[in-house]
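Listed below are the residues making up each chain.
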2 protein chains.
Amino acid sequence: MQRILNNPDDIVDEMLKGFVKVHRDIVAVTDNPRVLKRVDMPADHVGVVTGGGSGHKPAFIGYIGKNLCDAVAVGEICTSPSAIAFLDAFRAADQGKGVACLYGNYSGDNMNVKMAVKMAAKEGIEVRTVVANDDAASAPKDQAGKRRGVAGEVLMWKAGGAKAAQGASLNEVIVAAQKAIDNTRSIGIGLTPCTLPAVGHPNFEIKPETMEVGIGHHGEPGIEICPLEKAEGIAHRMTGIVLPDYPLAAGDEVVVLVSGLGATPVMELYVLYDEIEKIISKKGISVYRSYVGNYFTSLEMMGATLTVMKLDGELKELMDMPCYSVGLKQA
Amino acid sequence: MQRILNNPDDIVDEMLKGFVKVHRDIVAVTDNPRVLKRVDMPADHVGVVTGGGSGHKPAFIGYIGKNLCDAVAVGEICTSPSAIAFLDAFRAADQGKGVACLYGNYSGDNMNVKMAVKMAAKEGIEVRTVVANDDAASAPKDQAGKRRGVAGEVLMWKAGGAKAAQGASLNEVIVAAQKAIDNTRSIGIGLTPCTLPAVGHPNFEIKPETMEVGIGHHGEPGIEICPLEKAEGIAHRMTGIVLPDYPLAAGDEVVVLVSGLGATPVMELYVLYDEIEKIISKKGISVYRSYVGNYFTSLEMMGATLTVMKLDGELKELMDMPCYSVGLKQA
């Protein structure tokens, strides 16, 4: 295992130490070592919280910042943060206007957030949730409640964080974040597996010269294993799943986010984006804004995710709003 | 080869197409398809140009932007841009105040920049150069002219771009950029090789459970191959080369930049940074500012580089200046 580690069991704590040292202009520690918060939290807005397992850099702590998330609960690698971590994140973010917890649909996160919301209620902190389920490959459309949250969460945080920064009420923030994720579909394609540092070898396999369509960020099985295609073919396959699922049609305006899974060279993501954009444009759908880079990764997996969000006037305004975090800075 | 490609020979052109579509708020095309420039170039400052081979994302085109580079010449993967591309970048950046060409010490780049500078002179464009040679492992200190430029180039561009934005003369920009690189030392450690898309297999080898200290961004041989160490050991090895080379001493203030080589998970870079910072602090050297992430990569190599720059009042001011590019955004 060719990795830069000390004791693999300490990687999350050590990573957090480094992260806080480097980004002291953006994030601050809290009394809970597994909760980070904004260093410059304004005192008068709805708190925006997320959380999740580690190994998905810049998610989740990389989205703490201006007009994004106020506090984030940090879990072990590919493991939900504890209920206490979520609770402490709610406490850190609450300014008396309530907290919007915007997180991804995984069983551990669901359970721990639910417990934390109850505990917060006893302290008089109102927390409402939006559960991201943008991964179109993870369950059929009529079982959308079973779908996982993936890179679409970035757009959900952007929408929710921007709405909160506008001085919106908790209900308004929740409605905007829910709309953001309801309007969003994602698909991942895996080209190589990843290795959990504490395990030392990949816990799933992707055979050379094949790719796994619909793979999850923790190696959850996809919907099809097929021969590795060219960028053009991969783009057709991804858009062929994402666009009809919403469904998107001529005249729609969208945000497109192409994220690497970690080890795929970023130049290849631009090649893929170019192919995706050609397909989308040909359908009469207009790309209003796009993001390409490592926005939501899985350690050193190779592959990419495509996320498409349908815009309306409100979402455009929220996507256009400046933000400043480690993972996303926008003027 | 598990990569997202069409015809490998087209990867640079296709990448550029995608890049320009995504970042149309920052970069613009020129008449030369291998030259990109700032979309919002101010009309009254010294032009700042760089260029280099592709495969080092976000270098080099990712550093086009406000208070950074004005135009960049793009080469094939791991290959210098042509003299004509450098010349066209000079033309794109020149506003009558001259052009500072800040690039890395590689034979192809040296030759093509030299030719382009001569051609520019004939057109009345004054171009002066700074050649980055921050890689402390690439030649002994008394042969610093043979050393390669690596991630320290990012700090050189930052210094030069900020100086130009302050309205400095060409001479002042050159002096500041030269000081930036003279004050900077880097070292790379490679954990896995990378594969050029057109070749299809790695053209050098790093055996499992070993690491190559001092490896270059194109697989240039390092100074030592040794068993893979823990993050702490790697940090000691890197600082043990970089700090004495300048040499840095108690009381000095520095910028520290830790860049991944591409495929190393970013969380590991923070673990490494934490170890590096502990060593530096223990020596009484103070980290004024730090950058951790994928700033200068080599396709899907695993490993990291450490770059340390000694600061003075002027360099602090230049490092503090806001900038806005794909690879570096700073408020």
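Quantities reported herein were computed from a predicted structural model and do not represent experimental measurements.

1. Describing helix H2 (residues 83–93) of chain B
Residues and elements named next belong to chain B. Counting buried positions along H2 yields 8 of 11 residues, so the element is predominantly enclosed. Every buried residue of H2 is listed here: Ala83, Ala85, Phe86, Leu87, Asp88, Ala89, Phe90 and Ala93. Contacts from the buried residues of H2 go to strand E2 (35–38), strand E3 (47–54), strand E5 (71–77), strand E6 (99–104), helix H3 (107–122) and strand E7 (127–132).

2. Some thoughts on the pattern of salt bridges
Proximity of charged atoms lets side chains of opposite charge pair with each other. All names here are of chain A. A full pass over the atoms with the stated rule returns 46 salt bridges over all chains. The partner of Arg237 in a salt bridge is Glu229, and the shortest N-O contact between them spans 2.7 Å. Using a relative accessible area of 25% as the deciding quantity, one classes Glu229 as partly exposed. When the shortest N-O distance is used, the salt bridge between Lys310 and Asp252 registers 3.6 Å. One end of the pair, Lys310, is in strand E13 (residues 302–310); the other, Asp252, is in the loop between helix H6 (231–245) and strand E11 (253–260), and 58 residues separate them in sequence. Owing to a relative accessible area of 23%, Lys310 belongs among the partly exposed residues under this scheme.

3. Some thoughts on the side chain of Glu212 of chain B
All names here are of chain B. Topologically, Glu212 is positioned in strand E9 (residues 210–213). A distance of 2.7 Å separates the side chain of Glu212 from the backbone nitrogen of Gly222, its partner in a polar contact. When neighbours within four sequence positions are excluded, Glu212 is seen to be in contact with Gly188, Ile189, Gly190, Glu205, Ile206, Glu220, Pro221, Gly222, Glu224 and Ile225.

4. A short note on the domain arrangement of chain A
All names here are of chain A. For chain A, the assigned domains read domain 1 (10–182) and domain 2 (184–320). Centre-to-centre, using C-alpha coordinates, domain 1 lies 22 Å away from domain 2. Facing the 35 residues of domain 1 at the interface are 36 residues of domain 2. Roughly 3,000 Å² of surface becomes buried between domain 1 and domain 2 when both sides are summed, with 60% attributable to carbon and sulfur atoms. Between Lys179 and Glu314 there is a salt bridge; the shortest N-O distance is 2.5 Å. Connecting domain 1 to domain 2 are 20 residue pairs in polar contact (both at pLDDT 80 or more). Counting residues per element, the ones that place at least two in the side of domain 1 that touches domain 2 are helix H4 (152–165) and helix H5 (170–182).

Parameters and conventions
- Residues numbered from 1 in each chain as written.
- Chains lettered and ligands numbered in written order.
- Predicted model: local features only at pLDDT ≥ 70, side-chain atom pairs only at ≥ 80, totals over all residues.
- Heavy atoms only, no water.
- Buried < 20%, exposed > 50% of the residue type's maximum accessible area, 1.4 Å probe, protein only.
- Helix = DSSP H or I, 4+ residues; strand = E, 2+ residues; numbered from the N terminus.
- Contact = heavy atoms within 4.5 Å.
- Salt bridge = Lys/Arg side-chain N within 4 Å of Asp/Glu carboxyl O.
- Polar contact = N/O pair within 3.5 Å; in protein donor to acceptor, adjacent residues only side chain to side chain.
- Domains from an automatic or database assignment.
- Buried area = accessible area lost by both parts, 1.4 Å probe.

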